[in-house]
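Listed below are the residues making up each chain.
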Amino acid sequence: MSENKETKKSARSANYLSAKESRRISRQNRKITSAMEKKYRRKNVPESEYLTQMHDPRNVVEFDDLHSYFFTDTGTVKAVDGVTYEVPQGMTVGVVGESGCGKSVTSLSLMQLLQRPQGQIVSGSIRLNLGDKAYDVAKMPMRAMEQIRGNQVSMIFQEPMTSLNPVFRIGAQVDEVIKLHNPTWSKGQVKQRTIEMLEMVGIANSEGVYRMYPHELSGGMRQRVMISIALACNPRLIIADEPTTALDVTIQAQILDLLRGLKDKINSSIMLITHDLGVIAEMADYVVVMYAGRIVEKGTAQEIFSNPSHPYTIGLMASKPVINRRVDRLYSIPGKVPNPIDMPDYCYFRDRCEQCVERCQGKYPPEIHLTDTHVVSCYRYWDFHKEDK
Amino acid sequence: MEKITIDNTFTPLVHNPDNVLEVNALKKYFPIKEGMLQRTVGYVRAVDGISFNIKRGTTMGLVGESGCGKTTVGRTILRLHEKSGGEVLFNGQEVHTLSKAQMRALRPKMQIIFQDPYSSLSPRLPIGEIVGEAVREHNIVPKEEFNDYIDEIMSECGLQPYHRDRYPHEFSGGQRQRICIARALALNPEFVVCDEPVSALDVSIQAQIINLLRDLQEEHNLTYLFISHDLSVVEHISDTIGVMYLGSLVEFGSKEDIFREPLHPYTKALFSAIPIPDPNSKMNRIVLEGSIPSPANPPKGCKFHTRCKNCMEKCKTEAPQPKEIEPGHFVVCHLYDNEPENKAE
């Protein structure tokens, strides 16, 4: 019994934070965030301040060493901690990882929709290609961002049930986006475009749906409406944040089919965020695997699925039951994700990894190129790193 | 005004001692009430005549789209809803005719694990109380062994004894699901309804929970009714599988039979819709058009005919009857009307 009490105490003291300490942290946070907020809310910012050059003009978006932190009263949560990847024009990039690994925060950073003032892009850049010029989203102020959001980059959210406003008709909600980004259009033109969009996403009774409220539609239909809102302004990039997680398999198949078809029709790129490896395999050209705020592996879908290299990716694939592959026991990755407030300075996955090598005792592993496109952050492939140099 | 009645004709079942649970022509209709007098104007046919049985120590998977009545089946079996027709035999005993006291004595034998571990635990009770409340109520163990018993159950489900004084908000989703499992298991049940126990969890946590459920099944000789819409999970854990569509079973059989050769057009479409984590497998997907019809006004004849690719004239007027194609493999579809019946006997 006494042993029990001791473990209880030590478990508690590990997370204990005195009121005084917490106040100190929150004061410090407010200092940092209010400076950032001030910069973000400035008006009449010259365009030159956030104008930039794409490293490769064939990319739509380049994330470059992005850091997005949340300044909470118990400490700084490094939700995205040095993420680098790009989305090429006309391609689909899939981002996989467990909940809380920072995959959504990366996309929200691109939309500048982080929960302010706690959530802030701290450093790094997000280069967005607008065709004739490129902007660095990380440096953009609020007013400029409003022109981009929903117009050049748009987002499909996870829950079609909660992301539509229940008190407005479907028509009004789609109209709003079109009107906002095309202020010169007449009412008739806007409505015509809305009907056109609803037809494009496969809603047969588009005139009827135009006058309906969200509660009159099923989950799949609501997600179609969400997609039509996202596509209304022919965006260059669509961010789909778990677009089918809340839907049934049969409806999921319909929606994925639709997304694939529409991407080619309006020639845009998709950033697909999901935790379902099956969906990724079906949709994505490139795959990014994230763990605890960092990228552990990225490459083409072919490379990731035929030759998964990082122990985390391998574990993730083994833990999902697959039809017609009989296993007696599912593999489960031991341990759990490290505390995001107090990240270790070694490989974040080391404590759960079953394939540690001697070098793992050192710092966080660098990016190691297995092929031109296949990059993994793991010391097991250190030999490839040397060849690289 | 025409009076609406529920047709409740069925042939009573003969109990087979191998089976823990036998469900025969089970119906659950929810009344739709309208007007100032709240008159019943119709029924939502959530469960419309379902029959199956589960052998002791095995797992039956129940799959189907949302809104097809899977959860209602689970709840009606446990008498959390009163049935509208048919029978539910638990160890040969009709559950729905028991008196209150008899029902109370039976409750510990049949338990349920709910879908959402975030809303099914009381935020005001410590874990020890959540797990132990029913144990004390039903006098499962003598008073002096109570504490040790709770500790034992919790450690069996992968929780630490010092978790007893903590509250649900201090736990992650996977751990909460472990608490729900411990709560169900503490009563020493024979039969557990698992209502989508892993759909709210991450892939890596899913694997842990599924493994835990399997280990516990072997150890305690449990019988599961595993309700899920994730076919890959159902395939992994089940021995027999029932596919539901709009309140009825369309196909029922052993896992091997159903996955080797799905017969019903709906089962085929459902299986082809599962995304496979392999970019090279490009298969012909059968995409079902439209969505599930309203169970308040189901289509005449075969309920699936509005979305079926192989729909015939007959399907629109005449409801198909279950037919045993292979021993133990039933299908409810007119396509197999001409196939020879293959009875087990």
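The structure this text deals with has already been given above.
Just so it is clear, the model here is predicted, and its values are computed rather than measured. (Residues numbered from 1 in each chain as written. Chains lettered and ligands numbered in written order. Predicted model: local features only at pLDDT ≥ 70, side-chain atom pairs only at ≥ 80, totals over all residues. Heavy atoms only, no water.)

Engineer: Just to check I follow, could you spell out the overall build of chain B for this structure?
Structural biologist: Helix and strand counts for chain B stand at ten helices and twelve strands. What you see for chain B is a C-alpha radius of gyration of 21 Å, in line with the 20 Å of a compact globule of 345 residues. Considering only contacts in chain B between residues 6 or more positions apart, those separated by 24 or more positions represent 62%. Of the roughly 15800 Å² of accessible surface on chain B, a fraction of 49% belongs to carbon and sulfur atoms. (Helix = DSSP H or I, 4+ residues; strand = E, 2+ residues; numbered from the N terminus. Rg over C-alpha atoms; globule rule 2.2 N^0.38 Å. Contact = heavy atoms within 4.5 Å. Areas by Shrake-Rupley, 256 points an atom, 1.4 Å probe, with all protein chains shown as cover.)

Engineer: Is there a simple way to explain the overall build of chain A in this structure?
Structural biologist: A count of helices and strands for chain A gives 13 helices and 13 strands. Against the compact-globule benchmark of 21 Å for 389 residues, chain A has a radius of gyration of 23 Å, which places it among compact chains. Each of the 389 residues in chain A was classed as buried or not, and the buried ones make up 53%. For chain A, contacts bridging at least 24 residues in sequence account for 66% of all contacts bridging at least 6. (Buried < 20%, exposed > 50% of the residue type's maximum accessible area, 1.4 Å probe, protein only.)

Engineer: Explanation requested: the side chain of serine 319 of chain A in the structure shown.
Structural biologist: Position of serine 319 of chain A among the secondary structure elements: in the loop between α12 (311-318) and β12 (368-369). Apart from the residues lying within four places of it in its own chain, the contact partners of serine 319 of chain A are Leu330 and Tyr331 of chain A together with Val203, Ser204 and Ala207 of chain B.

Engineer: Would you take a moment to explain a positive patch on the surface for this structure?
Structural biologist: Taken together, the side chains of Lys20, Arg23, Arg27 and Arg30 of chain A make up a positively charged region of the molecular surface. If you trace the backbone, lysine 20 of chain A turns up in helix α2 (residues 19-40). (Patch = residues over 30% accessible without salt bridge, like charges linked within 9 Å, V, L, I, M, F, W, Y side chains within 5 Å. Salt bridge = Lys/Arg side-chain N within 4 Å of Asp/Glu carboxyl O. Lys, Arg positive; Asp, Glu negative; His and termini not counted. Charge placed at Lys NZ, Arg CZ, Asp CG, Glu CD.)

Engineer: Explanation requested: the interface of chain B and chain A in the structure shown.
Structural biologist: It is common to report an interface's size as the accessible area lost on association of the parts. Each partner contributes residues to the interface: chain B has 42 residues there, and chain A has 41 residues. Taken together, both faces of the contact between chain B and chain A bury some 3800 Å²; the carbon and sulfur share is 53%. Looking only at chain B, the three residues that lose the most surface to chain A are Val203, Pro275 and Pro277 of chain B, adding up to 15% of its buried area. Viewed at the interface, chain A and chain B are joined by one salt bridge. Linking aspartate 215 of chain B and arginine 329 of chain A is a salt bridge whose minimum nitrogen-to-oxygen distance equals 2.8 Å. Connecting chain B to chain A are five residue pairs in polar contact (both at pLDDT 80 or more). Those elements that provide at least two residues to the side of chain B that touches chain A are α6 (203-220), α7 (231-237) and α8 (255-260) of chain B. Per element, the largest residue contribution to the side of chain B that touches chain A is eight residues, and it comes from α6 of chain B. Its residues assigned to classes, the side of chain B that touches chain A shows 17 nonpolar, ten polar and 15 charged. (Buried area = accessible area lost by both parts, 1.4 Å probe. Polar contact = N/O pair within 3.5 Å; in protein donor to acceptor, adjacent residues only side chain to side chain. Nonpolar A, V, L, I, M, F, W, Y, C, P; charged D, E, K, R; others polar.)

Engineer: I would appreciate a short explanation of the pairing of strand β5 (residues 119-129) of chain A in the present structure.
Structural biologist: Here is the key point about a regular strand: its side chains alternate between the two faces of the sheet. Residue and element names in this part refer to chain A. Judged by how many residues are buried, β5 sits mostly within the fold: eight of eleven residues are covered. One ladder, built from eight bridges, connects strand β2 (residues 59-72) with β5; its direction is antiparallel. Bridging from a neighbouring strand, glutamate 62 pairs with arginine 127 of β5. One ladder, built from three bridges, connects β5 with strand β6 (residues 134-136); its direction is antiparallel. Paired with leucine 128 across the bridge in β6 is tyrosine 135. The turn linking β5 back onto β6 is made up of four residues, and glycine 131 within it adopts a positive phi angle of 90 degrees. (Pairing = 2+ DSSP bridges.)

Engineer: Just to check I follow, could you spell out the packing of aromatic side chains for this structure?
Structural biologist: Note on aromatic pairs: each is described by the distance of the centres and the angle between the planes. What the rule picks out here adds up to 14 aromatic pairs over all chains. Ring centres of tyrosine 245 of chain B and phenylalanine 304 of chain B lie 5.0 Å apart, and the angle between their planes is 85 degrees; this geometry places the pair in the edge-to-face category. Placement of the pair is tyrosine 245 of chain B in strand β9 (residues 240-245) and phenylalanine 304 of chain B in the loop between α9 (265-272) and α10 (313-317), with a sequence separation of 59 residues. Across from the ring centre of tyrosine 40 of chain A, 3.6 Å away, lies the NZ or CZ of arginine 116 of chain A, which sits over that ring. (Phe/Tyr/Trp six-rings, centres within 6.5 Å; stacked < 30°, edge-to-face > 60°. Lys NZ or Arg CZ within 6 Å of the ring centre and 35° of its normal.)

Engineer: Help me out: how do you make sense of the sheet that holds strand β5 (residues 93-94) of chain B in this one?
Structural biologist: Backbone-to-backbone hydrogen bonds join strands into a sheet, with any given pair of strands oriented parallel or antiparallel. All names here are of chain B. The strand order across the open sheet built from four strands is β2-β1-β4-β5, with neighbouring strands paired in antiparallel fashion. A strand with exactly one partner marks an edge of an open sheet, and here the two such strands are β2 (39-55) and β5. In the sheet, strand β4 (residues 85-90) pairs with β5 via two bridges, with the strands oriented antiparallel. Across the sheet, leucine 89 pairs through a bridge with glutamate 94, a residue of β5.

Engineer: Looking at this structure, how should I read unusual backbone geometry?
Structural biologist: Trans is the common state for peptide bonds, and a negative phi is the common state for residues other than glycine. The linkage connecting arginine 116 of chain A with the following residue, proline 117 of chain A, adopts the cis geometry, with an omega of 0 degrees. Residue placement: proline 117 of chain A occurs in the loop between α3 (103-111) and β5. Of note in this structure, glutamate 196 of chain B is not a glycine but carries a positive phi near 45 degrees. By relative accessible area, which is 6% here, glutamate 196 of chain B ends up buried. Even without a glycine there, the phi angle at leucine 246 of chain B is positive, about 50 degrees. On the secondary structure map, leucine 246 of chain B appears in the loop between β9 and β10 (248-254). Looking at leucine 246 of chain B, the relative accessible area reads 3%, which means it is buried.

Engineer: Explain the sheet that holds strand β11 (residues 323-326) of chain B to me, please; I cannot follow it from the model alone.
Structural biologist: Residue and element names in this part refer to chain B. An order of β6-β7-β8-β3-β9-β10-β12-β11 is seen for the eight strands of this open sheet, with the pairing classed as mixed. Unpaired on one side and paired on the other, β6 (110-113) and β11 mark the two borders of the sheet. Neighbour-to-neighbour, the strand axes of the sheet open up by a mean angle of 20 degrees, direction not taken into account. Both β6 and strand β7 (residues 191-195) contribute to a ladder of four bridges, which runs parallel. Across the sheet, residue glutamine 111 finds its bridge partner in β7, namely valine 192. Helix α1 (residues 70-77) contacts β3 (59-63), β6, β7, β8 (223-227) and β9 of the sheet and is inclined by roughly 150 degrees relative to β8. Strand contacts of α6: β3, β6 and β8, with the helix running at about 155 degrees to β8, the strand carrying the most contacts. (Axes fitted to C-alpha atoms, helices over the stretch in contact; angles between N-to-C directions.)

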